[in-house]
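Each chain, letter by letter, is given below.
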Amino acid sequence: MSLVLDSAAQDLLFREARTANSFTDEPVTDEQVQAIYDLVKYAPTAFNQQPLRVVLVRSAEGRERLVGNLAEGNQAKTAAAPLVAILAADNEFHEELPTQFPAFPQAKDLFFAERAAREQSAAFNAALQVGYFIVGVRAAGLAAGPMTGYNAEGINKEFFGDGDHTVLAVVNIGRPGDNAWYPRSPRLAYDEVVTTV
(Lines give C-alpha, C1' and ligand atoms only; values in the text may rest on other atoms or scores of the structure.)
Protein backbone atom coordinates (compact mmCIF):
# COMPACT_ATOMS: atom_id res chain seq x y z
CA MET A 1 0.00 0.00 0.00
CA SER A 2 1.44 3.34 -0.99
CA LEU A 3 1.41 6.45 1.16
CA VAL A 4 -0.66 9.49 0.21
CA LEU A 5 2.34 11.79 0.66
CA ASP A 6 4.40 11.90 -2.54
CA SER A 7 7.89 10.43 -2.58
CA ALA A 8 9.67 13.81 -2.59
CA ALA A 9 7.77 14.91 0.52
CA GLN A 10 8.48 11.57 2.20
CA ASP A 11 12.18 12.10 1.54
CA LEU A 12 12.11 15.72 2.74
CA LEU A 13 10.33 14.96 5.99
CA PHE A 14 11.57 11.47 6.79
CA ARG A 15 13.87 9.31 4.66
CA GLU A 16 16.49 11.91 3.73
CA ALA A 17 16.02 14.14 6.79
CA ARG A 18 18.89 14.01 9.25
CA THR A 19 20.09 15.75 12.37
CA ALA A 20 22.30 18.56 11.09
CA ASN A 21 25.59 19.34 12.81
CA SER A 22 26.68 22.32 10.72
CA PHE A 23 24.83 25.13 9.01
CA THR A 24 25.39 27.86 6.45
CA ASP A 25 25.17 31.46 7.64
CA GLU A 26 21.89 32.06 5.75
CA PRO A 27 19.48 33.60 8.27
CA VAL A 28 16.27 31.93 9.42
CA THR A 29 13.57 34.58 9.31
CA ASP A 30 10.76 35.30 11.73
CA GLU A 31 8.37 34.60 8.85
CA GLN A 32 9.82 31.11 8.44
CA VAL A 33 9.44 30.41 12.15
CA GLN A 34 5.86 31.72 12.11
CA ALA A 35 5.04 29.44 9.17
CA ILE A 36 6.58 26.48 11.01
CA TYR A 37 4.55 27.20 14.13
CA ASP A 38 1.33 27.72 12.17
CA LEU A 39 1.83 24.25 10.68
CA VAL A 40 2.86 22.34 13.81
CA LYS A 41 0.46 23.86 16.32
CA TYR A 42 -1.98 21.09 15.38
CA ALA A 43 0.07 18.35 17.03
CA PRO A 44 -2.17 15.86 18.87
CA THR A 45 -2.21 16.31 22.64
CA ALA A 46 -4.39 15.15 25.52
CA PHE A 47 -7.23 17.58 26.29
CA ASN A 48 -5.81 19.82 23.55
CA GLN A 49 -3.24 20.97 26.06
CA GLN A 50 -0.44 23.05 24.58
CA PRO A 51 2.47 23.00 27.00
CA LEU A 52 5.23 23.65 24.44
CA ARG A 53 7.05 26.95 24.85
CA VAL A 54 9.70 28.10 22.38
CA VAL A 55 12.47 30.61 23.06
CA LEU A 56 14.27 31.75 19.92
CA VAL A 57 17.87 32.62 20.71
CA ARG A 58 19.06 35.21 18.19
CA SER A 59 21.17 37.72 20.11
CA ALA A 60 24.89 37.26 20.76
CA GLU A 61 24.25 37.75 24.48
CA GLY A 62 21.52 35.10 24.52
CA ARG A 63 23.67 32.71 22.51
CA GLU A 64 26.54 33.14 24.99
CA ARG A 65 24.22 32.39 27.93
CA LEU A 66 22.93 29.29 26.18
CA VAL A 67 26.25 27.93 24.94
CA GLY A 68 27.64 28.09 28.48
CA ASN A 69 24.95 25.60 29.52
CA LEU A 70 25.58 23.08 26.75
CA ALA A 71 27.73 19.97 26.74
CA GLU A 72 31.13 20.68 25.23
CA GLY A 73 30.36 18.71 22.04
CA ASN A 74 27.30 20.87 21.37
CA GLN A 75 28.80 24.30 21.99
CA ALA A 76 30.54 25.12 18.69
CA LYS A 77 27.68 24.05 16.43
CA THR A 78 25.16 25.99 18.52
CA ALA A 79 27.36 29.08 18.56
CA ALA A 80 27.50 28.97 14.74
CA ALA A 81 23.87 28.03 13.93
CA PRO A 82 21.77 30.80 12.35
CA LEU A 83 18.95 30.20 14.84
CA VAL A 84 18.58 28.20 18.02
CA ALA A 85 15.27 27.29 19.64
CA ILE A 86 14.92 26.22 23.25
CA LEU A 87 11.89 23.94 23.51
CA ALA A 88 10.37 23.60 26.96
CA ALA A 89 7.23 22.31 28.66
CA ASP A 90 5.18 24.82 30.61
CA ASN A 91 4.09 22.99 33.75
CA GLU A 92 1.32 25.55 34.28
CA PHE A 93 -0.31 24.75 30.90
CA HIS A 94 -3.51 23.83 32.73
CA GLU A 95 -4.36 27.50 33.23
CA GLU A 96 -5.17 27.66 29.49
CA LEU A 97 -7.35 24.55 29.39
CA PRO A 98 -10.69 26.31 29.90
CA THR A 99 -10.18 28.22 26.64
CA GLN A 100 -8.23 25.54 24.74
CA PHE A 101 -10.52 22.65 25.68
CA PRO A 102 -13.93 24.32 26.03
CA ALA A 103 -15.76 21.00 25.69
CA PHE A 104 -14.58 20.09 29.20
CA PRO A 105 -13.17 23.18 30.96
CA GLN A 106 -13.30 21.49 34.36
CA ALA A 107 -10.41 19.25 33.24
CA LYS A 108 -8.11 21.98 34.57
CA ASP A 109 -9.05 21.28 38.17
CA LEU A 110 -10.23 17.70 37.87
CA PHE A 111 -7.06 16.23 36.32
CA PHE A 112 -4.32 18.80 36.79
CA ALA A 113 -4.69 20.27 40.26
CA GLU A 114 -1.59 18.36 41.43
CA ARG A 115 1.82 19.55 40.27
CA ALA A 116 3.15 16.02 39.69
CA ALA A 117 0.28 15.22 37.30
CA ARG A 118 0.89 18.47 35.40
CA GLU A 119 4.63 17.84 35.06
CA GLN A 120 4.11 14.32 33.75
CA SER A 121 1.43 15.40 31.29
CA ALA A 122 3.34 18.51 30.19
CA ALA A 123 6.51 16.52 29.51
CA PHE A 124 4.73 13.89 27.42
CA ASN A 125 2.50 16.22 25.43
CA ALA A 126 5.20 18.83 24.84
CA ALA A 127 7.46 16.00 23.61
CA LEU A 128 4.81 15.22 20.99
CA GLN A 129 4.88 18.89 20.04
CA VAL A 130 8.69 18.83 19.85
CA GLY A 131 8.50 15.99 17.31
CA TYR A 132 6.06 17.98 15.23
CA PHE A 133 8.28 21.06 15.52
CA ILE A 134 11.24 19.17 14.07
CA VAL A 135 9.14 17.86 11.18
CA GLY A 136 7.86 21.42 10.65
CA VAL A 137 11.42 22.71 10.39
CA ARG A 138 12.04 20.09 7.70
CA ALA A 139 8.81 21.04 5.91
CA ALA A 140 10.16 24.61 5.69
CA GLY A 141 13.15 23.27 3.76
CA LEU A 142 15.46 23.77 6.73
CA ALA A 143 17.50 21.34 8.78
CA ALA A 144 17.15 20.76 12.50
CA GLY A 145 19.83 19.76 14.94
CA PRO A 146 17.98 18.74 18.12
CA MET A 147 20.13 18.15 21.18
CA THR A 148 19.64 17.06 24.77
CA GLY A 149 23.21 17.51 26.04
CA TYR A 150 22.77 20.50 28.33
CA ASN A 151 22.41 21.77 31.88
CA ALA A 152 18.61 21.94 32.11
CA GLU A 153 18.63 23.75 35.45
CA GLY A 154 20.99 26.40 34.08
CA ILE A 155 18.92 26.94 30.93
CA ASN A 156 15.72 27.15 32.97
CA LYS A 157 17.30 29.78 35.20
CA GLU A 158 18.76 31.79 32.30
CA PHE A 159 15.77 31.78 29.99
CA PHE A 160 12.66 31.11 32.06
CA GLY A 161 13.59 32.36 35.53
CA ASP A 162 11.05 30.20 37.30
CA GLY A 163 10.36 26.63 38.28
CA ASP A 164 7.38 26.35 35.97
CA HIS A 165 9.22 25.16 32.84
CA THR A 166 11.12 22.01 31.93
CA VAL A 167 13.59 22.21 29.06
CA LEU A 168 13.11 19.31 26.64
CA ALA A 169 15.44 20.07 23.75
CA VAL A 170 17.71 22.67 22.20
CA VAL A 171 17.34 22.76 18.41
CA ASN A 172 19.79 24.36 16.01
CA ILE A 173 17.99 25.48 12.84
CA GLY A 174 19.18 26.54 9.39
CA ARG A 175 20.34 25.39 5.98
CA PRO A 176 22.77 22.48 6.27
CA GLY A 177 26.43 23.41 5.92
CA ASP A 178 29.50 21.45 4.90
CA ASN A 179 29.74 17.95 6.35
CA ALA A 180 26.43 18.49 8.15
CA TRP A 181 25.57 14.82 8.47
CA TYR A 182 27.07 11.97 10.42
CA PRO A 183 26.72 8.57 8.69
CA ARG A 184 23.17 7.24 8.94
CA SER A 185 22.84 4.97 11.96
CA PRO A 186 20.86 1.73 11.64
CA ARG A 187 17.21 1.46 12.55
CA LEU A 188 15.31 -1.53 13.88
CA ALA A 189 13.38 -3.52 11.28
CA TYR A 190 9.60 -3.69 11.23
CA ASP A 191 9.55 -7.22 12.69
CA GLU A 192 11.75 -6.13 15.57
CA VAL A 193 9.33 -3.40 16.60
CA VAL A 194 5.82 -4.41 15.58
CA THR A 195 3.82 -7.30 17.02
CA THR A 196 0.23 -8.23 16.43
CA VAL A 197 -1.99 -9.74 19.12
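The structure we're discussing is the one just above.
Predicted model only: the values in this text are computed from it and were never measured.

Trainee: Looking at this structure, I do not really get the overall build of the protein chain. What am I missing?
Mentor: Per the secondary structure count, the protein chain includes nine helices and four strands. Relative to the globule expectation of 16 Å for 197 residues, the C-alpha radius of gyration of the protein chain, 18 Å, shows essentially globular dimensions. Each principal axis of the C-alpha distribution contributes one length, and for the protein chain these read about 50 × 50 × 35 Å. For the protein chain, the proportion of its 197 residues judged to be buried stands at 40%. Excluding contacts between residues fewer than 6 apart, the proportion of contacts in the protein chain whose partners are at least 24 apart in sequence is 80%. Of the roughly 11400 Å² of accessible surface on the protein chain, 56% is carried by carbon and sulfur atoms. Counting 16 positive and 25 negative side-chain charges, the protein chain places the averaged centre of each group 3 Å from the other.

Trainee: Looking at this model, I keep getting lost on the sheet that holds strand S1 (residues 52-57). Mind explaining?
Mentor: Within a sheet, adjacent strands bond to each other through the backbone by hydrogen bonds, running parallel or antiparallel. Sheet architecture is open: four strands sit in the order S1-S2-S4-S3, paired in antiparallel fashion. The two strands at the open ends of the sheet, each matched to only one other strand, are S1 and strand S3 (143-147). On average, each strand axis in the sheet is inclined to that of its neighbour by 25 degrees, with strand direction left out of account. In terms of strand pairing, S1 meets strand S2 (residues 83-90) through six bridges, oriented antiparallel. Note on S2: the bridge partner recorded for Val55 is Ile86.

Trainee: Would you explain the environment of Phe23 in this entry?
Mentor: You can see Phe23 is positioned in the loop between helix H1 (7-15) and helix H2 (30-40). Each C-alpha atom, one on Phe23 and one on Asp178, is 7.2 Å from the other, the two residues being 155 residues apart in sequence. Beyond its immediate sequence surroundings of up to four residues, Phe23 is in contact with Ala81, Pro82, Ala143, Gly145, Asn172, Ile173, Gly174, Arg175, Pro176 and Gly177.

Trainee: I keep staring at the pairing of S3 and nothing clicks. Help me out?
Mentor: Look at any regular strand and the pattern is simple: side chains alternate between the two faces of the sheet. Among the five residues in S3, four count as buried, and that is most of the element. Bridge analysis of S3 against strand S4 (residues 165-174) gives five bridges, and the strand direction is antiparallel. The residue bridging Ala144 from the neighbouring strand is Ile173, located in S4.

Cut-offs and rules
- Every chain's residues receive numbers from 1 upward, in the order its sequence appears when written.
- Where local features are concerned, this predicted model is filtered to residues with pLDDT of at least 70; where side-chain atom pairs are given and counted, the filter is 80 or more; whole-chain, interface and lining totals use all residues.
- Each side-chain value is derived from all of the structure's non-hydrogen atoms; neither hydrogens nor water enter the calculation.
- Secondary structure follows DSSP: runs of H or I at least 4 residues long count as helices, runs of E at least 2 residues long count as strands, and numbering of each begins at the N terminus.
- Atoms considered for the radius of gyration are the C-alpha atoms alone. The globule rule reads 2.2 Å times the number of residues to the power 0.38.
- Note on exposure labels: buried denotes an accessible area under 20% of the residue type's maximum, exposed denotes more than 50%, and partly exposed covers the range between, all computed with a 1.4 Å probe on protein chains only.
- Two residues form a contact once any of their heavy atoms are found within 4.5 Å.
- A 1.4 Å probe and the Shrake-Rupley method give the accessible areas. Residues count as covered only by the protein chains that appear here.
- Counted as positive: Lys and Arg. Counted as negative: Asp and Glu. His and the chain ends are not counted at all.
- Where a charge lies is defined by one atom per residue type, namely NZ (Lys), CZ (Arg), CG (Asp) and CD (Glu).
- Being paired, for any two strands, means DSSP has found at least two bridges between them.
- Between N-to-C directions, angles cover 0 to 180 degrees, with each direction set by a line fitted to C-alpha atoms, over the stretch in contact for helices.

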